[in-house]
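# Descriptive analysis of the structure
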Amino acid sequence: MGSVQDNDVKPVGSYPPTGIDVLIVGTGLAGLTASIECKRKGHNVRIIERHDDINTAGDMYFMGQSATKFFRHWPELSKEYQLISMNNAWIETFKHDGERTITPKRVADRLRQVGMDPNKPPGAFQMRPLMYRMYLNEVQRQGIKIQFGHKVVDYWEDQERNKAGVVTEKGERFEADVVIAADGVGSKCQKLVGGQVRAMSSGRAMWRAAFPIHHLDENPKLKEFLKMGGDNNDEPMVRTWLGPGTYAMVLIRRETCVWLMNHDVTGSEEESWTHTVGSDDVLKNMDKDLVNSTWDPRIKELIKLTPPNTIVNFELFWRNPQPSWTSPGDRVVLIGDAAHSFLPESANGATQAIEDAVSIATCLQIGGSKEKVPEAVRTHVRIRYIRCACAQKMGFSNAERLQHTDWEKVKVDPKLAQPQLPSWIWKHDPESYAYENYEKMAETIRQGIPFDQVDSVPVNYPPGYKYEPWNIEDMQEDVLKATVNMGSGNWE
């Protein structure tokens with residue numbers, strides 16, 4: 001079966017071939033991680049992607065420590081990750097109008113201040129383009145083939161033949177022993193696994209932009225304000241602005257400036273990473289969310305000098321938890337955003353997508369054969385489902401923190417001005433957890449125990465939590481009222 005401990009390193013070649021043919025749909029973080037981990041675990045891997053190339057554009061996201069623990073098995077990838085990571089980052093916090101509330105501090109010092117080990121941070125912001133190049137380099141080193149230009153329009157499963165596959169818009173058919181649907185929100189696989197989850201407008205959107213830092217030269221005063229941290233002004237700096245029902249963030253690193261702002265819909269937003277608007281559209285609408293106040297003028301100056309065709313206005317849709325992640329015969333499985341979309345405030349979407357990928361590759365390896373694929377898939381889902389539902393739910397609690405900040409409490413406890421990153425999230429190791437608990441969890445399935453009544457397996461979600469179904473409408477209403485109730489258990 002195999003096992004792994006924190007100090008174990010098991011590179012490619014450590015596991016015998018399983019003979020399992022894996023077809024992965026999508027080249028996001030979930031799909032790329034699944035591809036290299038399935039390769040390492042001894043499976044046969046193919047990837048298909050609907051676009052003609054991988055999109056390495058974008059700005060940043062948060063990478064939790066639990067999503068990077070498997071890097072220890074990948075020496076070249078791990079080395080690249082260290083080179084692109086924002087070590088020695090600083091952070092500073094303002095009210096939306098520009099009043100500074102928390103002076104610049106190293107992230108390590110902020111962690112130490114709240115009793116955490118600065119040498120083992122819960123995670124860090126990473127640049128999306130650099131992360132994708134890092135992953136692509138590893139995919140290429142492993143000789144994993146990506147077939148581009150294959151837009152999937154349907155998923156299928158043949159339980160008599162123990163096969164599953166997809167159909168593309170060109171009529172091509174691909175099949176494998178197991179299909180991993182990592183093609184994001186709105187995946188066509190949702191129909192096969194139990195129905196499409198309806199997207200509901202949140203009434204909110206995000207302006208996001210990333211551009212070369214030399215554009216700050218146009219405004220020397222702003223450039224001085226946005227300087228980097230450290231004694232030599234050469235260490236990454238994250239600045240956050242928190243306001244009533246809104247927030248903004250600016251990241252400055254040696255070569256790049258990134259900014260983002262949460263706002264009410266304006267009519268020009270789309271759920272697309274390629275849809276851009278002009279700075280005039282932002283400047284015209286940004287103060288409309290506020291009552292009797294305006295945004296920090298320095299934020300406005302930053303928006304003015306943002307290059308054309310750079311600002312993405314991304315509409316945020318709410319989606320209830322996907323009720324099922326697998327096909328009837330358990331040979332097609334959703335992972336990442338296709339299975340569970342996250343609010344930006346959760347700081348968890350990328351992390352859970354990577355955890356999914358590590359978990360499914362491991363469970364398939366433990367199962368060890370084509371015949372055991374259905375059991376491996378079911379066990380993977382049972383290992384992941386409640387954990388992801390809790391991580392999704394935590395996004396609403398974080399939205400309350402960022403959009404309804406209690407500044408008097410922040411004076412006493414500065415961490416209340418930042419997203420919650422509890423230890424049950426970042427201390428988790430999805431690979432080790434699968435090895436330690438696969439057989440126990442599989443046995444609960446064999447015994448017919450409902451997933452929310454399992455009490456014989458150590459939990460990977462808030463200790464003491466009892467699963468309760470939830471829906472977007474109720475949670476969003478709680479955010480607006482600043483009354484988010486997470487339920488039972490220790491969520492810290």
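Presented here is an overview of the structure given in this document. (Residues numbered from 1 in each chain as written. Predicted model: local features only at pLDDT ≥ 70, side-chain atom pairs only at ≥ 80, totals over all residues. Heavy atoms only, no water.)

## Details of the sheet that holds strand β1 (residues 21–25)
Across the sheet, which stays open at both edges, the five strands sit in the order β7-β2-β1-β11-β18 with parallel pairing between neighbours. Of all strands in the sheet, those with a lone pairing partner are β7 (146–147) and β18 (332–334), marking the two edges. Where strand β2 (residues 44–48) meets β7, two bridges bridge the pair, whose relative direction is parallel. Considered in β7, the bridge of Ile-47 is made with Ile-146. (Pairing = 2+ DSSP bridges. Helix = DSSP H or I, 4+ residues; strand = E, 2+ residues; numbered from the N terminus.)

## Here we look at the environment of Glu-172
With respect to the helices, strands and loops of the structure, Glu-172 is situated in the loop between β9 (163–168) and β10 (173–176). The sequence separation of Glu-172 and Val-152 amounts to 20 residues, and the corresponding C-alpha distance is 9.1 Å. Residues contacting Glu-172, with those up to four places away along its chain left out, are His-150, Val-166 and Val-167. Here His-150 takes part through its side chain, which lies 2.9 Å from a polar atom of the side chain of Glu-172. (Contact = heavy atoms within 4.5 Å. Polar contact = N/O pair within 3.5 Å; in protein donor to acceptor, adjacent residues only side chain to side chain.)

## A look at empty space enclosed by the protein
Enumeration according to the criterion identifies three cavities of 30 Å³ or more in this entry. A volume near 120 Å³ is recorded for the largest cavity. As for the largest cavity, its lining consists of 13 residues, and the residues nearest its centre are Arg-382, Ile-386, Met-441, Val-454 and Tyr-461. Within the residue set of the lining of the largest cavity, elements represented by two or more residues are α10 (373–403) and α13 (430–446). For the lining of the largest cavity, the leading source of residues is α10, giving four residues. (1 Å grid on protein atoms, 1.4 Å probe; cavity = no way out; pocket = protein on both sides within 12 Å on 5 of 7 lines; lining within 4 Å. Points joined across faces, edges and corners; volume = space filled by probe spheres on them.)

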